[in-house]
Amino acid sequence: EEAERGASASANLFVTWETLDLPYPPTGIRCCRLTAAVASVDSDHPCRNIVWLHANFHKSGQMGAGSLLAVLGLCFACALLGWTLGSPRQAEAVSGYDSSASHAGIRKIFAQSSRGAATGQRKVVLLTGAAGFIGFHTALDLHASGDVVIGLDNFNHYYTVSLKRSRAELLKKAALKGPALHLIEGDVCDGELLKLLLQEGRVTNVIHLAAQAGVRYSLTNPLAYVEANVKCFVTLLEAVKTVNKKIPITYASSSSVYGLNTQIPFSEEHQIDRQASLYGATKKSNENIAHVYHHLHGLKLTGLRFFTVYGPYGRPDMAYFSFTQAILAGKQIVEYRREDGTELERDFTFVSDIVSGIVASMRLGAELEVFNLGNTHPEKVSRLISLLERGLGRTANKTTAPISAGDVPITYADVSHAQRLLDYHPSVSLEQGIRQFLNWYSAYYKVPIPGANQRRGLLRLRSKSAEGRSLRRASARALE
């Protein structure tokens, strides 16, 4: 909690294993040479700061006493800290909820599950990024609708992992009732794992939300985007092509594909060849690659261009979340503006509205489609700040700065295409959505906020859609 509030943490010893022909994690240790490096603290799993181990095994069978003592010391520390990474036995402990399960463990879980088959209208959905912001809400909605969910997430450290673990705990609670809900800790770039999940889980639909998000982060970590957003996407398509080409795939694109487009509102009919960020370029590449795989292999693919999604259990790097943290801490916030001083505008879209579009597009199962999912009402960033100030009962310490590299002046979705084919009708205003977010924030971080309803704040979502209602039902069950 202190780490999440911005407190600095000292570095811990970070050691890694690299093994030859041994299961992971290693169950036995022979002769090895240890190498150590210093890395930052993982506040969520302190044992992991000690026990990623790196060993080079030697055929000679010789090991110095110092190395032996180091190994024994590390093993003792692991035992004290209860290190249990990756055990299939642990994964089976709670029905429907799996953490770091091995391939053999996954097969066993699916074989034993009596709630994991598609029947009638029920779908079996492979959902990547299931512990992420949008993926978490999507998983709850699908589960509440009676669909089986096979979630996959690698719990990366782009932002604090404890928030992802909290989402996973709610999914764990939801899994105790209703259809099966699995959460596998693994990487979408692992093609063998994907094929295993598709085959053993008898998947009928794929929703691919896993990605490296964030525009500004792409300026300093470009290869992370190429890996997660391009390589992993192609790996998923190859897995589906191999297992069953008929499985429809719904995947996350982004409003960032519009880049420097000046035609507003943004329409799927507009030409999009001037992205302003590498993130946007990788999402545009997803759409291009989807077209190729449909053309060459007949895969069914639907891309969804999300517009500035916000809400409870959201991403801390997003403006509404980081502004809230800064205002409560009395820190300065930066409002970016255009070169002429005019304000930026964003089509803020509440997460339950986005989920309704995701689920509707999955059920449509189109041959090849792209949809905008936005709110259709661009709001100035100053309006967002004003709503946060009113909700928090505090005045923000604001400063302004020119628009940053990779950013765009306005996002504005034309959703007429989604309205026609998906019956998509966003219904949550920015004022309503921010109120729900602050209720959640107050309850989750135990921060008193004027007027915040902490009892209902952990996950209270408003939407007039059937998907929104089912999402609220899922939320209520998860919190019982």
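Above this note sits the structure.
Counting of residues starts from 1 at the beginning of each chain's written sequence and follows it residue by residue. Only residues with pLDDT of at least 70 get local features here, since the model is predicted, and only at 80 or more are side-chain atom pairs given and counted; chain-wide, interface and lining totals rely on the full set of residues. To get the side-chain values, take all heavy atoms of the structure and skip hydrogens and water.

Undergrad: Help me out: how do you make sense of the pattern of salt bridges in this one?
TA: A side chain of one charge can pair with a side chain of the opposite charge when the charged atoms of the two come close. Any Lys or Arg side-chain nitrogen located within 4 Å of an Asp or Glu carboxyl oxygen qualifies as a salt bridge. Following the criterion strictly, the structure yields 15 salt bridges and no others. Among the ionic pairs, arginine 337 bridges to glutamate 335, the shortest N-O distance being 3.3 Å. Sharing partners across several salt bridges, the network here consists of Arg216, Arg346 and Asp407.

Undergrad: Is there a simple way to explain the sheet that holds strand β10 (residues 301-306) in this structure?
TA: Across a sheet, paired strands are connected by hydrogen bonds in the backbone, their directions being either parallel or antiparallel. Strand order in this open sheet of 7 strands is β7-β6-β5-β8-β9-β10-β15, and the pairing throughout is parallel. The open sheet is flanked by β7 (181-185) and β15 (368-373), the only strands paired with a single partner. On average, each strand axis in the sheet is inclined to that of its neighbour by 15°, with strand direction left out of account. The pairing criterion is simple: DSSP has to find at least two bridges between the two strands. Strands here mean DSSP runs of E at least two residues long; helices mean DSSP runs of H or I at least four residues long; both are numbered from the N terminus. Sheet topology places β10 next to β15; 6 bridges connect them, and they run parallel. Across the sheet, residue phenylalanine 306 finds its bridge partner in β15, namely leucine 373. Contact definition: two residues touch when any of their heavy atoms are within 4.5 Å. Axes here mean lines fitted to C-alpha atoms, for a helix over just the part in contact, with angles spanning 0 to 180 degrees between N-to-C directions. Those strands touched by helix α8 (residues 222-243) are β8 (205-208), β9 (249-252) and β10, and its axis lies near 175° from that of β8.

Undergrad: Explain the packing of α8 against helix α9 (residues 278-297) to me, please; I cannot follow it from the model alone.
TA: The geometry of a pair of packed helices is captured by two quantities: the angle between their axes and the separation between those axes. Where α8 meets α9, the axes come as close as 10 Å, and the angle between the chain directions of the two elements is 15°. By the angle between their axes, α8 is roughly parallel relative to α9. The handedness of the crossing between α8 and α9 is right-handed. Taking contact as the criterion, the partners of Pro222, Tyr225, Asn229, Val230, Phe233, Val234, Leu237, Glu238 and Lys241 in α8 are, on α9, Leu278, Tyr279, Thr282, Lys283, Ser285, Asn286, Ile289, Ala290, Tyr293 and His297. Under the convention adopted here, Pro, Cys and the residues Ala, Val, Leu, Ile, Met, Phe, Trp and Tyr are nonpolar, Asp, Glu, Lys and Arg are charged, and Gly plus all remaining residues are polar. When grouped by side-chain class, the residues that make up the contact of α8 with α9 number 11 nonpolar, 5 polar and 3 charged. Oblique is the label for every angle not falling under 35 degrees (roughly parallel), over 145 degrees (roughly antiparallel), or within 65 to 115 degrees (roughly perpendicular). Helix crossings are classified by the rotation of the near helix relative to the far one: an anticlockwise turn of less than a right angle makes the crossing left-handed, while a clockwise turn makes it right-handed.

Undergrad: Explain the pairing of strand β6 (residues 148-153) to me, please; I cannot follow it from the model alone.
TA: Taken residue by residue, a regular strand's side chains alternate between the two faces of the sheet. In terms of burial, β6 is largely enclosed, as 6 of its 6 residues are buried. In β6, alternate side chains face the same way, and those of Val148, Ile150 and Leu152 on one face and Val149, Gly151 and Asp153 on the other are all buried. Note: strand β5 (residues 124-128) against β6, 5 bridges, orientation parallel. Bridging from a neighbouring strand, threonine 128 pairs with leucine 152 of β6. As judged from the 5 bridges shared by β6 and β7, these two strands associate in the parallel manner. Within β7, the residue paired with valine 149 across the bridge is leucine 181. After leaving β6, the chain enters helix α5 (residues 161-174) and then returns to the sheet as β7, a path that is right-handed. Working definition: with a 1.4 Å probe on protein chains only, accessible area under 20% of the residue-type maximum means buried, over 50% means exposed, and in between means partly exposed. If you view a crossover with the strands going away from you and the path from the first strand over the helix to the second runs clockwise, you call it right-handed.

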